[in-house]
Amino acid sequence: MIIVLLSISTTTSCKSLKSKKLTSKIEQEINSKTSADYFQGVLIYDLSTQDTVFSHNSNRYFTPASNTKIFTLYSALKTLPNNIPSLKYIVYKDTLFMEGTGDPSLLHPYFKDSTALKLVKAHDYISLHLNNFKEDRFGPGWAWEDYDSYYSPERSGFPMFGNVVDIYKEDSLMVSPSVFYDKVTPIDYIKNREEEQNVFYFDHKRKDTLTVPFKVDSVLTKRLLEMEVQKPIKMVSQMPSMEKQILYSIPSDSVYKRMMLESDNFLAEQLLILSSSTLSDILNSATARNYILENYLSDLKQRPRWVDGSGLSRYNLFSPESMVQVLTKMIEEFQQERILNLFPIGGVSGTLEKRFPGNPRPYIYAKSGSLGNNYCLSGYLITNSGKTLVFSFMNNHFIKSGTEVRKSMQLIFEHLRDNY
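Predicted, not measured: the structure shown is a model, and the values here were computed from it. (Residues numbered from 1 in each chain as written. Predicted model: local features only at pLDDT ≥ 70, side-chain atom pairs only at ≥ 80, totals over all residues. Heavy atoms only, no water.)

### Observations concerning the sheet that holds strand E13 (residues 364–371)
Pairing within the open sheet is antiparallel, and its five strands lie in the order E2-E1-E15-E14-E13. A strand with exactly one partner marks an edge of an open sheet, and here the two such strands are strand E2 (51–56) and E13. Neighbouring strand axes in the sheet, compared pairwise and without regard to direction, differ in orientation by 5° on average. Note that E13 and strand E14 (residues 374–382) share eight bridges and pair antiparallel. Within the sheet, the bridge partner assigned to Ala366 lies in E14 and is Gly379. (Pairing = 2+ DSSP bridges. Helix = DSSP H or I, 4+ residues; strand = E, 2+ residues; numbered from the N terminus. Axes fitted to C-alpha atoms, helices over the stretch in contact; angles between N-to-C directions.)

Next comes the structure, spelled out in structure tokens:
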């Protein structure tokens, strides 16, 4: 009995010593001079043992930037079916009545989905209802002066073409959608578009494609749809009082993956609007956020201040602990292989293609988040021993380069990979 107890004591002591050595290296890096002048929060969690490996300011609130998309992804996974709900519609007598769900894939430059168009083309009389969208075009706390930047398309209930215009030069000027061709002035100008109207500027010497958000309104939506189906569309103030049918389009995971890999703000915002379409006839992202927090995330130790789907807003506030809780739920409630496939992979894909590479194989599956003076990374780390660690590493208010911050993070990640 004494021998057994001695053996247990020795094993426990070795584990404790190894753990202390592991965390002391992380603490050394966190408390180094290079990290002393900005705010950091870290939580590293062992999924198999359900133990905290390391914690530093993990219950404090940080500006998450695009780490917010992790909460958006979880919301979509919990509320949306396997295929994107593209339209809600009613066929009454000889007329197709339809309203949007917020589906971002219709004629999107990447997805190029035309599922909804096929339904519309099959009917001679079409009525479009747009009054179900109850949302501002931009989120609270967004930089509204970015209205002409590719990463800031307007939110809408019936988006088409990703709510952006692509302008480029071949033998002649090319504009998609073509309805904006006459609205493009080929000059080099300080802005890509007038703020309150769809008038665009394109430097004729430019070699790459210019992507500019267009200003959305009901008249334009009607016109774009009419051009695509080559039929007149009638606007209506309400849908008939009948049960609505739902038309489904592309696989939902294809949208999730594109959002996560490219950190696509438009897809993130529209996914929350889509989620709200499954909860109500009114399209409003706050409906989805509140529903998720109250029904699936009521156990969060630090309830976040969550104001948009993309993380563009500096009003968002999340803790590393709440990030790790959601990441853990995600991998426990859905297949790990599926979830890892949706995230950028260090050294391989998306926003991490040139960051946090593995040697010889990738080991980081995570979502980055960048705003001026902030860099966050949250996701999963696969150690050489085969362990899955869930982590959130948030850095706010640094004035040094982001490259230096990421270098410090990489030292910690590689230490965990090789020694845990």
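### Considering the packing of aromatic side chains
A complete count under the given rule lists 16 aromatic pairs for this structure. Ring centres of Phe180 and Phe214 lie 5.2 Å apart, and the angle between their planes is 35°; on these two criteria the pair is classed as tilted. Placement of the pair is Phe180 in the loop between strand E7 (173–176) and strand E8 (184–185) and Phe214 in the loop between strand E10 (210–213) and helix H4 (218–229), with a sequence separation of 34 residues. The exposure classification of Phe180 matches that of Phe214, with both residues buried. (Phe/Tyr/Trp six-rings, centres within 6.5 Å; stacked < 30°, edge-to-face > 60°. Buried < 20%, exposed > 50% of the residue type's maximum accessible area, 1.4 Å probe, protein only.)

### Concerning the sheet that holds strand E6 (residues 164–169)
The strand order across the open sheet built from three strands is E7-E6-E10, with neighbouring strands paired in antiparallel fashion. Edge strands, defined here as strands with exactly one partner in the open sheet, are E7 and E10. Strand-to-strand twist in this sheet, taken as the mean axis angle between neighbours without regard to direction, amounts to 20°. Bridging between E6 and E7 involves four bridges; their strand directions are antiparallel. Pairing of Asp166 across the sheet is with Ser176, part of E7.

### Observations concerning the pattern of salt bridges
Applying the stated criterion across every chain, the model contains 16 salt bridges. For Lys244, the salt bridge goes to Glu99, with nearest N and O atoms at 2.8 Å. Within this pair, whereas Lys244 is found in the loop between strand E11 (233–236) and strand E12 (245–251), its partner Glu99 is found in strand E4 (residues 95–100), the two being separated by 145 residues in sequence. With relative accessibility at 1%, the residue Glu99 sits in the buried group. The salt bridge involving Asp299 is made with Lys329; its shortest N-O contact spans 3.1 Å. With Asp299 in the loop between helix H7 (285–295) and helix H8 (320–333) and Lys329 in helix H8, the pair connects residues that are 30 residues apart, well separated along the chain. (Salt bridge = Lys/Arg side-chain N within 4 Å of Asp/Glu carboxyl O.)

### Section: H7
Buried residues of H7: Ser285, Ala288, Arg289, Ile292 and Leu293, and no others. What you see down the axis of H7 is that its buried residues fit within an arc of 125°, all on one side. Contacts from the buried residues of H7 go to helix H2 (68–79) and helix H6 (265–277). With a side-chain oxygen positioned 3.0 Å from the backbone nitrogen of Ala286, the residue opening H7 is Asn284. (Arc of directions from axis to C-beta. Contact = heavy atoms within 4.5 Å. Polar contact = N/O pair within 3.5 Å; in protein donor to acceptor, adjacent residues only side chain to side chain.)

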